[in-house]
Amino acid sequence: MALKLNKDVVYRAAKPDTKDRMINDGGGLYLLVKVNGSKWWHFIYTFQGKRKKVSLGVYPNVSLETARRKAEEARENIANGIDPGEIRKVSRQTKQLDKLNEERVSDGLPILNSFADVARKWLDSIAHLTTATTHIKKTSRIERLAFPTLGDKAINAIKSAEVLAALKPLIDKGQLETAHRLHAEISAIFAYAVVHNYTEYDPAHPVAKQIPAQKVKHRAAIIDPKQVAQLLRDISNYQGTFVVQSAFRLSPLLFQRPGEIRQMLWEDVDLTVREWRPYISKTDFHHIVPLSTQAVAILEAIHPLTGNGQYVFPSSRGDGRPMSDNTIRTALKSLGYDSDVMTAHGFRTTASTLLNEQGWNPDAIERQLAHAPRDQVRAAYNRAQYLDEHRRMMQSWADYLDGLKSGAQVIPFRKLV
């Protein structure tokens, strides 16, 4: 094969003609001299029986020496079964993608096909399956804990070791519940990626066994009636804001999850029929909480202050959000009840323990704790079956707590089975 047929002076001196013409340098390398005077290096070759052509650049910006080197690389690729045109195509696409990603990064958007990009798409795909609050928490957890390690990496290039690296700080700190949650979310993102052809496998799957099992730690709660009595007196003497005082006093009466109480909506409260009907996202059903006379009194007292807003217990910052999830815990601590003695969630344990001891129907207690059956038909049946009993139980419970607080010798009403 004849190569290097001409010296550079030939190409430099080439003049345009009435039509485009090609000057052969050998080995498939040509200089195309166009009628407008521009000059382009072309490499012409045959690959898998098809005649093809790729441009190697404009002369003299691309020198004769450079063009010959590119042509030699192309011939080597052909000898190795690689199409030079495909290499150029991939290179061009890569440059376009790099430019697009630079623009996306400058606009605050994730790199295309990166973990962060696919994670955003997954989060959008499940938004309708979760409450706004849960979705915000899930998004925040992934952004804070997964993106720093995995965010900018191509989704199809992430290895299991890199997934473990994202989880390792949580494991080292003993934050095992968060580690398990984050791992499940990362794995769900990869499942989405597999289904939508972004990658072929889930590298998070083998990482599961590297996260230690979390030991179940029950939330501390006071269940001795004498200690409950003192707790109730301490709550009555709490000197916080009126909003926090009200939420604090209502917590033992309703014994619902702390997050549900702090996010109580006025639209869910009916003081006329004495019911609170919150949507319980944890168990995905609309709950009915009968309100005792004592609970109604607390809500009527706070209504003039917060009744024109969305939340019964709004944040003191006036930012349109509910009271902080740390508020009751902080209030308990200010009264000398550390988290190993009593927690905001502990009011549920206190009520469950003492109501069971008093002989109330365990199913009615479970329903009032919002431990709902997943079967919606059964849930509706149980709600109707236990509602009257719930009303009696909630009023009896409030009266029982009043008796404890006053220091009376309380003989609780026992439900006949």
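Residues numbered from 1 in each chain as written. Predicted model: local features only at pLDDT ≥ 70, side-chain atom pairs only at ≥ 80, totals over all residues. Heavy atoms only, no water.

Under an unreviewed UniProt entry, the protein chain has the name Tyrosine-type recombinase/integrase and belongs to Methylomonas paludis. Per UniProt, the protein chain has the following entry under Sequence similarities (unreviewed entry): "Belongs to the 'phage' integrase family." (UniProt positions renumbered as here; feature names shortened; annotations may be inferred.)

Draft legend 1. Broad picture of the overall build of the protein chain. Of regular secondary structure, the protein chain possesses 16 helices and nine strands. Taking as baseline every contact in the protein chain between residues at least 6 positions apart, the subset at least 24 positions apart corresponds to 58%. Working note: accessible area of the protein chain is about 23600 Å², and carbon and sulfur atoms make up 51% of it. (Helix = DSSP H or I, 4+ residues; strand = E, 2+ residues; numbered from the N terminus. Contact = heavy atoms within 4.5 Å. Areas by Shrake-Rupley, 256 points an atom, 1.4 Å probe, with all protein chains shown as cover.)

Draft legend 2. Geometry of the pattern of salt bridges. Applying the stated criterion across every chain, the model contains 17 salt bridges. The salt bridge partner of R69 is E73, with a shortest N-O separation of 3.5 Å. Residue R69 and its partner E73 are both found in helix α2 (residues 64–79); the two are separated by four residues, about one turn of the helix. E73 gets classed as partly exposed once you look at its relative accessible area, which sits at 40%. Residues joined by salt bridges that share partners form a network here, namely K138, R141 and E185. (Salt bridge = Lys/Arg side-chain N within 4 Å of Asp/Glu carboxyl O. Buried < 20%, exposed > 50% of the residue type's maximum accessible area, 1.4 Å probe, protein only.)

Draft legend 3. Here's a closer look at the layout of surface pockets. The computed volume of the second largest pocket comes to approximately 590 Å³. For the second largest pocket, the lining is made up of 21 residues, of which R262, R321, P322, M323 and S324 are closest to its centre. If you list the elements that add at least two residues to the lining of the second largest pocket, you get α5 (132–145) and α10 (242–254). For the lining of the second largest pocket, the element with the highest residue contribution is α5, accounting for four residues. Looking at side-chain class alone, the lining of the second largest pocket contains eight nonpolar, seven polar and six charged residues. (1 Å grid on protein atoms, 1.4 Å probe; cavity = no way out; pocket = protein on both sides within 12 Å on 5 of 7 lines; lining within 4 Å. Points joined across faces, edges and corners; volume = space filled by probe spheres on them. Nonpolar A, V, L, I, M, F, W, Y, C, P; charged D, E, K, R; others polar.)

Draft legend 4. A look at the packing of helix α9 (residues 225–236) against helix α14 (residues 346–357). Axis separation between α9 and α14 bottoms out at 12 Å; the angle between their running directions is 140°. Relative to α14, the element α9 lies oblique. Handedness of the crossing formed by α9 with α14: left-handed. Note on element contacts: α14 touches α9 through F347, T350 and L354, opposite P225, V228, L231 and I235. Here the residues of the contact of α9 with α14 are counted per class, giving six nonpolar, one polar and no charged. (Axes fitted to C-alpha atoms, helices over the stretch in contact; angles between N-to-C directions. Parallel < 35°, antiparallel > 145°, perpendicular 65-115°, else oblique. Left-handed = near helix turned anticlockwise from the far one by under 90°.)

Draft legend 5. Representation of α14. Between its first and last C-alpha atoms α14 spans 17 Å; for 12 residues at 1.5 Å apiece the expected length is 16 Å, and the two agree. Those residues of α14 that sit buried are G346, F347, R348, T350, A351, S352, L354 and L355. Positioned one or two residues after α14, G359 has a phi angle of 95°, which is positive. (Expected span 1.5 Å × (residues − 1).)

Draft legend 6. Structural detail: the environment of V163. Here V163 shows up in helix α7 (residues 160–172). C-alpha separation for the pair V163 and H205, spaced 42 residues apart in sequence, amounts to 9.6 Å. Apart from the residues lying within four places of it in its own chain, the contact partners of V163 are L150, I158, I186, F190, P203, A204 and V207.

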